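Summary of structural features
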Amino acid sequence: MFWLFQSNPDVFRLKDALRAEALATFVVTAHKHDIHSGDGIILWQSGKEAGCYGLATVISEVQEIPIAEAEKPFFKEFPEEQMRVSLKVEYNLWNKPITWEMLRDIPPFEEFNAGLPGSNFIATEQQYRILEDLAKQLDVLAEPQVPYGVPPLPEFPLNLILYGPPGTGKTYQTINYALAIIENRSLEELALEDRPLLRQRFDAYTAQGQIAFVTFHQSFSYEDFIEGIKPQILENGAINYAIEPGIFRMLSYNARRCVLEALLREQPQEQQKVKFNQLYKAFLEFLDSENFEYFETPDAQHIYIQQVLQNGDLSLRPAIAFNTYTVEKNTLRKFYQQFPNIEDLQAAQLFIDKNIRGSESDLYWTVFVSLKNFENFYKQQQQKAQPNEEVEILYEPITDMPLLPNQVLAKCRRYVLIIDEINRGNAAAIFGELITLLEADKREGRSEALTTILPYSKSFFSVPPNLYLIGTMNTADRSVESLDIALRRRFAFREVLPDPKVIAKSANKSVIQGIQLPNLLNAINQRIERLLDREHCIGHAYFMDIDSFDELKHTFAERIIPLLQEYFYNDYAKIGLVLGKDFIREKPSHIEFANFDHPYAAEFAERRLFEIANIATLDEEAFIRIYER
């Protein structure tokens, strides 16, 4: 069987529910004994924007099913009828509905029950199949699921550390990662572009404040990174101490401002004019004035304000009791954002009764109604104060950003902070209390958003969801063990290993006077990995800018051999196992000690000593023998 399920937008916003992918059930007021699991459903919205907004399949029998939590925000009026069916939406057409004008001249729709009073009507299989074909012809199924065709967010973690041996191009790759995040492109696509063009765009984003670069070191502190008190010399020579934001706080502010601007563009104009924190501040002033005595509950009980707490929560006391109850500001904010219109009060009451248990639900309902009534008065006062101007749009404190839909976040500019040598500084001290706030679900506007109060400015702070952190970490550095475990847990890690193929593909020269540089690097690293581990290999970057044999010898003498000396603690015998006897030579063994009796003098006399050869005198064959005997 096939059915037409119709929704009145004055009762239920079908289009918005489908857009949010929240539609899971539908009320059944007629044909209760005829509708069964497996039936096809035409989802129709009546009114000015009448049309088919989806096709679905019934997946339950008609029964008493409570309205799903995800559906409740889309009801303007909750139905008394509780008999419902569960649905599986097959074709979601919210973005391109099939309107009545498109169907009017099609013969099977001459007898179509859309527009009649009621929710459930009989439809024909032919009508259903025509709608299904139209959906395919309009290419609705190929539309992206994200509203308005916004491209999906890049698959990059918010917090990422590139780690690996020295010279593998970790810092070099941060440019590609930053551009991929900001431009919503893949690393593979960017790798096809010329490096100068990438650097040019990277520098442009840096100049406009979307990218920032910082290097951690032993002296880097919380005061440099977040905020601190810094001395300032005034014109008269006096010294003034002022609170200055650090690089992370400044970039977070810019990123958050972008998010707020995107939210304001998405919201209706009426909601742009009055923001919750602005309204709530005026509401508290009203409660403290002579015009307010008490709240009055629906059953005419008086509720008095015991105290307004520091964070804006209200401590309330019923007139006939001594117990006090707390009405939280953040909870009121959520109700205000979910039910913005005065017409939503009935739905808000049902929602509060369900989500706030016990006698506190009456308190929340009473305060919320008072707040909504005060809002009308507040708007009128503002309009009188500024009759010819738009009401100022204020950026609210950090606690007042609502849950941020992904489609809004996708429209925000992204910001990237690159932290080079992240393990060189004391990360636990530098990040301080913000370590927890870095997690994806703890970011502002997300499901588990957290805020903190900064110690110097005493201001609220949270990490915005469009700020990405990219760190680099040298695994050969002995300070790697000092990276705080709490920070490790909040970052994703991607290993960047030496890649001889990069030399063959991108180096100035991959072969110099018969010396195969990729083979040379590969042989050296295989031996280092056996003698030490893979974290102490040598990166391909050491061989990328070599144009001549003299430059190769210089690289070995000034960079590679000193690095090996550090790796092996001047154990030249092991360096000889890596490079061969052309590079590490044995010193003459004959030596005479001073006239002194020592039990191990003979053993010392037989000890083998090694020294580094003069690299400048070596020929090409010496380098070839490293990888080819």
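Further up the page is the structure itself.
Presented here is a report on the structure given in the accompanying data block.

Here's the deal with the sheet that holds strand β15 (residues 314-318)
Hydrogen bonds between backbone atoms are what pair the strands of a sheet, whose relative direction is either parallel or antiparallel. On the basis of which strands lie adjacent, the open sheet formed by four strands has the order β13-β14-β15-β16 and antiparallel pairing. Each of the sheet's edge strands pairs with one partner strand only, and the pair in question is β13 (295-296) and β16 (325-327). Two strands pair when backbone bridges link them, and strand β14 (residues 302-308) and β15 are joined in this way by five bridges, in the antiparallel orientation. Directly across from Ile305, in β15, lies its bridge partner Leu316. Along the sheet face, helix α10 (residues 276-287) touches β13, β14 and β15 and points at about 40° away from the line of β15.

Re unusual backbone geometry
Positive phi, normally seen in glycine, also occurs at Lys458, with a value near 60°. Its place among the elements puts Lys458 in the loop between β18 (452-453) and β19 (460-461).

A few points about the packing of α10 against helix α11 (residues 329-338)
In contact at an axis separation of 11 Å, α10 and α11 are set at 125° when each is read in the N-to-C sense. One way to sum up the angle between α10 and α11 is to call them oblique. Taken as a pair, α10 and α11 cross one another with a handedness that is right-handed. Of α11, the residues touching α10 (which contributes Phe276, Asn277, Leu279 and Tyr280) are Lys329, Leu332, Arg333 and Tyr336. Taken together, the residues of the contact of α10 with α11 sort by class into five nonpolar, one polar and two charged.

Section: the packing of aromatic side chains
Across all of its chains, the model carries 30 aromatic pairs by this definition. Plain terms: the ring middles of Phe156 and Tyr177 are 5.8 Å apart, the flat faces sit at 65° to each other, and that makes the pair edge-to-face. Placement of the pair is Phe156 in the loop between α3 (125-137) and β9 (159-164) and Tyr177 in helix α4 (residues 170-183), with a sequence separation of 21 residues. Grouping residues by exposure puts Phe156 and Tyr177 together as buried. Here the aromatic cluster, defined as three or more aromatic residues joined through ring pairs, consists of Tyr280, Phe283, Phe286, Phe292, Phe295, Phe374 and Phe377. Between Arg195 and the ring centre of Tyr172, over which it is positioned, the NZ or CZ distance is 3.5 Å.

Focus: the sheet that holds β9
Reading across the sheet, the five strands line up as β10-β17-β20-β9-β21 and stay open at both edges, with parallel pairing between neighbours. Edge positions in the sheet fall to β10 (211-215) and β21 (492-495), since each has one partner strand and no second. Here the strands of the sheet are splayed against their neighbours by 20° on average, with no regard to which way each runs. Examined bridge by bridge, strand β17 (residues 415-420) and strand β20 (residues 467-474) share five bridges and lie parallel to one another. Bridge pairing in β20 places Ile418 opposite Ile470.

A few points about the pairing of β15
β15 sits mainly inside the fold: four of its five residues count as buried. With three bridges joining them, β15 and β16 adopt antiparallel strand pairing. What sits directly across from Leu314, in β16, is Val327. With antiparallel pairing between neighbouring strands as the criterion, β15 and β16 make up a hairpin whose turn holds six residues.

Here we look at the environment of Pro9
Considering the arrangement of structural elements, one finds Pro9 in the loop between β1 (2-7) and α1 (14-19). Among the residues examined, Pro9 registers a relative accessible area of 22% and is labelled partly exposed. Here the alpha-carbon distance between Pro9 and Phe75, two residues 66 residues apart in the chain, equals 8.8 Å. In contact with Pro9, not counting residues within four places along its chain, are Gln45, Ser46, Gly47 and Lys76.

Focus on the environment of Tyr468
Here Tyr468 is to be found in strand β20. The exposure class assigned to Tyr468 is buried, which follows from its relative accessible area of 5%. Along the primary structure Tyr468 and Ile352 are separated by 116 residues, whereas in three dimensions their C-alpha atoms are 36 Å apart.

Examining helix α20 (residues 572-579)
Because the α-helix completes a turn every 3.6 residues, residues three or four places apart line up on one side. Among all positions in α20, only Ile575, Val578 and Leu579 are buried. An end-on view of α20 places all buried positions within 80° of arc, on one side of the element. Tucked inside the fold, the buried residues of α20 contact α18 (517-531), α19 (549-567), β24 (584-586) and α22 (620-627). Just downstream of α20, Gly580 is the residue with a positive phi angle, here 105°.

Description of the state of the cysteines
Inspection of every chain in the model, using the stated rule, returns zero disulfides. Looking at Cys412, it has no disulfide partner, and the nearest cysteine sulfur is the one in Cys258, 4.8 Å off.

Looking at α4
The end-to-end C-alpha separation of α4 is 20 Å, in line with the 20 Å expected for 14 residues at 1.5 Å each. Within α4, 11 of the 14 residues are buried, leaving the element largely enclosed by the surrounding structure. When we look at burial in α4, the residues that qualify are Lys170, Thr174, Ile175, Asn176, Tyr177, Ala178, Leu179, Ala180, Ile181, Ile182 and Glu183. The first or second residue beyond α4 is Asn184, which carries a positive phi of 55°.

Some thoughts on the pattern of salt bridges
When the charged atoms of two side chains lie near each other, side chains of opposite charge can form a pair. By the definition in use, this model includes 23 salt bridges. With a shortest N-O distance of 3.2 Å, Glu189 and Arg185 are connected by a salt bridge. Across the pair Lys372 and Glu375 runs a salt bridge whose closest N-O atoms are separated by 3.1 Å. Here the residue Lys372 and the residue Glu375 both occupy positions in helix α13 (residues 360-385), the gap between them amounting to three residues, near one helical turn.

What counts and what doesn't
- Residues numbered from 1 in each chain as written.
- Predicted model: local features only at pLDDT ≥ 70, side-chain atom pairs only at ≥ 80, totals over all residues.
- Heavy atoms only, no water.
- Pairing = 2+ DSSP bridges.
- Helix = DSSP H or I, 4+ residues; strand = E, 2+ residues; numbered from the N terminus.
- Contact = heavy atoms within 4.5 Å.
- Axes fitted to C-alpha atoms, helices over the stretch in contact; angles between N-to-C directions.
- Parallel < 35°, antiparallel > 145°, perpendicular 65-115°, else oblique.
- Left-handed = near helix turned anticlockwise from the far one by under 90°.
- Nonpolar A, V, L, I, M, F, W, Y, C, P; charged D, E, K, R; others polar.
- Phe/Tyr/Trp six-rings, centres within 6.5 Å; stacked < 30°, edge-to-face > 60°.
- Buried < 20%, exposed > 50% of the residue type's maximum accessible area, 1.4 Å probe, protein only.
- Lys NZ or Arg CZ within 6 Å of the ring centre and 35° of its normal.
- Arc of directions from axis to C-beta.
- Disulfide = S-S within 2.5 Å.
- Expected span 1.5 Å × (residues − 1).
- Salt bridge = Lys/Arg side-chain N within 4 Å of Asp/Glu carboxyl O.

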